[in-house]
Number of protein chains: 2
Amino acid sequence: MVPKSHISGRSTQWHADKARATRTAVIEGAATVFNEVGYRSAVISAISRAAKITPGGMYHYFDSKEDIAQAVLDEFEARWSVVPERAPEDSPLGMLISMTLRQMQRLHKDRIVRAGFRMTFEPGTLPTPNTSFAEQWLASVAAVLVDAREAGELTSDANADEIAWTIVSGFVGTYTLAETIGQHANLLSRMEAVLAGALREHLDPDHRDRVLTALRYSVAAISDTDA
Amino acid sequence: MVPKSHISGRSTQWHADKARATRTAVIEGAATVFNEVGYRSAVISAISRAAKITPGGMYHYFDSKEDIAQAVLDEFEARWSVVPERAPEDSPLGMLISMTLRQMQRLHKDRIVRAGFRMTFEPGTLPTPNTSFAEQWLASVAAVLVDAREAGELTSDANADEIAWTIVSGFVGTYTLAETIGQHANLLSRMEAVLAGALREHLDPDHRDRVLTALRYSVAAISDTDA
């Protein structure tokens, strides 16, 4: 005889799985609609159609469109900030380069990341602007640049905050411009140019060639995983 | 006795002035609303309130919200592309630097330019995307860079299209990031860093110091007109 607790455990598991699947479908569907028409113009019925979940089913897990948008943003940030496993030979700049290029690739390929990014960088899109994302991004890039300076990869007068701004704004501009003119083919090599332009002047001469070579190789390696 | 044609001429003039004033008020009002809530969420009644023109008065000059948006875009492009009078001593790069910095300043200060810029660079905002603006901007920056290469300011292997992309995407990203985190104080010096990063590697050694000095002076000169 199967003990009661076991049956109840399976049933709880089943419910938890179903809840997770429904939430994921709603988040995916909302991201699709937000990417098409923007957050403000997105209507619940369109999200419901895209998610293939009835409005009633959606309201079981989400109170409002704002609530769905917050779930998309949470999922966006979770997928964005995955730090790559650090190989022992990785230097701070090697890690920054590989992480930044991977973020660009993910943005291009993952619609939830795309929706969250768009909601974050379109002024007036959200009822409560998501300013903390950009601030944290700038701070985390600056922190790696400080590590790089301490490790001797950057010259001692390199201003981490300014270089971080150049990298982050170059990333945002590269993606936005590519979206605007509908030209995504060169996103990684565009970003290579941004990183090289931001770093080149501040690289320590002893590390210069290695870092610029690592940059070129990272673009090639990540492009290959594209196929 | 005043000749009839003169009276009619004055009356025509009065009507033309009134038409122009009304059109301008609607464009200004629409820009205000578009900046607040975005084009898609803007409603005619809000534009009418912001413009202090009745909806009936607006429909005398504009058929629809799309029509008003097109007028905002036309006015944006007219204000954007004003080429500064070229001083005889100006080099192609001198002109590019001064023009780019003035565009950034105008974007920050002029709400019609801001509205047009935003409508252009927010994906899915407009029924018909305004891709030609970004393409023309890239092409016009690349054309000046070709002039600069021919004038010997850039090295002979400088790739005008790539440098133009770095400048334009750096501009778009700098402005978008500043808007997102609500930090506009350093827009001109951020743009100085973008221009320096894009150009430095490609400057001819004979022109290098002059161009980088001109860049620094232009930022100071344009910041002064700010006051």
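Note that the structure is predicted; figures quoted are calculated from it, not measured. (Residues numbered from 1 in each chain as written. Chains lettered and ligands numbered in written order. Predicted model: local features only at pLDDT ≥ 70, side-chain atom pairs only at ≥ 80, totals over all residues. Heavy atoms only, no water.)

The next subject is the overall build of chain A. Helix and strand counts for chain A stand at ten helices and zero strands. Reading chain A from its N terminus to its C terminus gives the helix and strand order α-α-α-α-α-α-α-α-α-α. Residue pairs at least 24 apart in sequence account for 71% of intrachain contacts in chain A once pairs closer than 6 positions are excluded. Accessible area of chain A: about 11,200 Å², with a carbon and sulfur share of 52%. (Helix = DSSP H or I, 4+ residues; strand = E, 2+ residues; numbered from the N terminus. Contact = heavy atoms within 4.5 Å. Areas by Shrake-Rupley, 256 points an atom, 1.4 Å probe, with all protein chains shown as cover.)

Looking now at the packing of helix 5 (residues 92-109) of chain B against helix 10 (residues 208-225) of chain B. Residue and element names in this part refer to chain B. Put simply, helix 5 and helix 10 touch, their axes get as near as 10 Å, and they point 30° apart. The orientation of helix 5 relative to helix 10 falls into the category roughly parallel. Here helix 5 and helix 10 pass one another in a crossing that is right-handed. Between helix 5, through Leu93, Ile97, Ser98, Leu101, Arg102 and Gln105, and helix 10, the contact on the second element is made entirely by Val211, Leu215, Ser218, Val219, Ile222 and Thr225. Broken down by class, the residue content of the contact of helix 5 with helix 10 amounts to seven nonpolar, four polar and one charged. (Axes fitted to C-alpha atoms, helices over the stretch in contact; angles between N-to-C directions. Parallel < 35°, antiparallel > 145°, perpendicular 65-115°, else oblique. Left-handed = near helix turned anticlockwise from the far one by under 90°. Nonpolar A, V, L, I, M, F, W, Y, C, P; charged D, E, K, R; others polar.)

Quick reminder: α-helices carry 3.6 residues per turn. Residues three or four places apart thus point the same way. With 16 residues, helix 4 (residues 65-80) of chain A should cover 22 Å at 1.5 Å per step; its first-to-last C-alpha distance of 22 Å lies within 8% of that length. By the burial criterion, the buried members of helix 4 of chain A are Lys65(A), Ile68(A), Ala69(A), Ala71(A), Val72(A), Leu73(A), Phe76(A) and Trp80(A). (Expected span 1.5 Å × (residues − 1). Buried < 20%, exposed > 50% of the residue type's maximum accessible area, 1.4 Å probe, protein only.)

Annotation from UniProt places "DNA-binding region" (unreviewed entry) at residues 43-62 of chain A. What you have in residues 43-62 of chain A is 75% helix and 0% strand, and the ends, taken at the C-alpha atoms, are 14 Å apart. (UniProt positions renumbered as here; feature names shortened; annotations may be inferred.)

As a further point, take the relation of the copies chain A and chain B. With an RMSD of 0.0 Å, chain A superimposes on chain B once it is rotated by 180° and translated 0.0 Å along the axis. The transformation relating the two chain copies, once decomposed into turn and shift, fits a two-fold axis. In terms of proximity to the rotation axis, the leading residue of chain A is Gly173(A), whose C-alpha is 1.8 Å off the axis. Mapped onto chain B, 100% of the interface residues of chain A are again interface residues, and the two copies thus contact each other with one and the same surface. (Least-squares fit on C-alpha atoms with pLDDT ≥ 70 in both.)

Bringing the interface of chain A and chain B into the picture now. Contacts between chain A and chain B engage 32 residues on the former and 32 residues on the latter. Between chain A and chain B the total buried area reaches about 3,000 Å² when both faces are included, carbon and sulfur atoms providing 64% of it. Our enumeration of links across chain A and chain B arrives at two salt bridges. In this structure, the connection of chain A to chain B is made through four residue pairs in polar contact (both at pLDDT 80 or more). Residue assignment for the side of chain A that touches chain B shows that the elements contributing at least two residues are helix 1 (4-37), helix 6 (111-121), helix 7 (131-150), helix 8 (160-181) and helix 9 (187-199) of chain A. The class makeup of the residues in the side of chain A that touches chain B is eleven nonpolar, eleven polar and ten charged. (Buried area = accessible area lost by both parts, 1.4 Å probe. Salt bridge = Lys/Arg side-chain N within 4 Å of Asp/Glu carboxyl O. Polar contact = N/O pair within 3.5 Å; in protein donor to acceptor, adjacent residues only side chain to side chain.)

All names here are of chain B. Following the sequence through the fold, Thr174 ends up in helix 8 (residues 160-181). Its relative accessible area of 0% is what places Thr174 among the buried residues. Within the local environment of Thr174, its side chain forms a polar contact with the backbone oxygen of Gly170, the two atoms lying 2.6 Å apart.

The next thing to look at is the confidence of the model for chain A. Summarising the model, chain A shows a mean pLDDT of 87, and 89% of its residues fall at 70 or more. The secondary-structure element of chain A with the lowest mean pLDDT is helix 1 of chain A, recorded at 83, while helix 2 (residues 44-51) of chain A shows the highest, at 94. (pLDDT = per-residue confidence, 0-100.)

Attention now goes to the pattern of salt bridges. Per the stated rule, a full pass over the model turns up twelve salt bridges over all chains. Two residues, Glu75(A) and Arg79(A), come together in a salt bridge whose shortest N-O distance is 2.7 Å. Residue Glu75(A) and its partner Arg79(A) are located together in helix 4, separated by four residues, close to a single helical turn. Residue Glu75(A) is classed as partly exposed on the basis of its relative accessible area, which comes to 27%. For Arg79(A), a relative accessible area of 22% corresponds to the partly exposed category. The residue Arg20(B) makes a salt bridge to Asp17(B) at a minimum N-O spacing of 3.4 Å. Here the residue Arg20(B) and the residue Asp17(B) both occupy positions in helix 1 (residues 4-37), the gap between them amounting to three residues, near one helical turn. The partly exposed category is assigned to Asp17(B), whose relative accessible area is 37%. Bridged by salt links that share partners, the residues Glu75(A), Arg79(A) and Asp110(A) form one connected network.

Our next topic: unusual backbone geometry. Within the chain, Lys52(A) stands out as a residue other than glycine whose phi angle is a positive 55°. Residue position: Lys52(A) is located in the loop between helix 2 and helix 3 (55-61).

Residues and elements named next belong to chain A. Secondary-structure assignment places Glu153 in the loop between helix 7 and helix 8. Judged by relative accessible area, Glu153 falls into the buried class, the value being 1%. Sequence-wise, Glu153 and Val211 are 58 residues apart; in three dimensions their C-alpha atoms are separated by 8.3 Å. Setting aside anything within four residues of it in sequence, one finds Glu153 in contact with Ser91, Pro92, Leu93, Gly94, Ala148, His202, Leu203, Asp204, His207, Arg210 and Val211. Here Arg210 takes part through its side chain, which lies 2.9 Å from a polar atom of the side chain of Glu153.

What follows concerns the packing of aromatic side chains. All names here are of chain B. Evaluation of the coordinates by the stated rule reveals 30 aromatic pairs over all chains. With a centroid separation of 5.0 Å and an interplanar angle of 85°, the aromatic rings of Trp137 and Phe171 are classed as edge-to-face. With Trp137 in helix 7 (residues 131-150) and Phe171 in helix 8, the pair connects residues that are 34 residues apart, well separated along the chain. Accessibility classification places Trp137 together with Phe171 in one group, the buried group. (Phe/Tyr/Trp six-rings, centres within 6.5 Å; stacked < 30°, edge-to-face > 60°.)

With that settled, the discussion passes to helix 10 (residues 205-225) of chain A. Residues and elements named next belong to chain A. For helix 10, built from 21 residues, the straight-helix expectation of 30 Å at 1.5 Å per residue is met to within 8% by its first-to-last C-alpha distance of 31 Å. Taken as a whole, helix 10 has its buried residues at Val211, Leu212, Leu215, Ser218, Val219 and Ile222. Take helix 10 and look down its axis: the buried residues cluster within an arc of 115°, on one side only. Facing away from the buried side of helix 10 by more than 90 degrees, the exposed set consists of Asp206, Asp209, Tyr217 and Asp224. Looking at the buried positions of helix 10, the neighbouring elements they touch are helix 5 (92-109) and helix 9. Where helix 10 starts, the residue carrying a side-chain oxygen 2.9 Å from the main-chain nitrogen of Asp206 turns out to be Asp204. (Arc of directions from axis to C-beta.)

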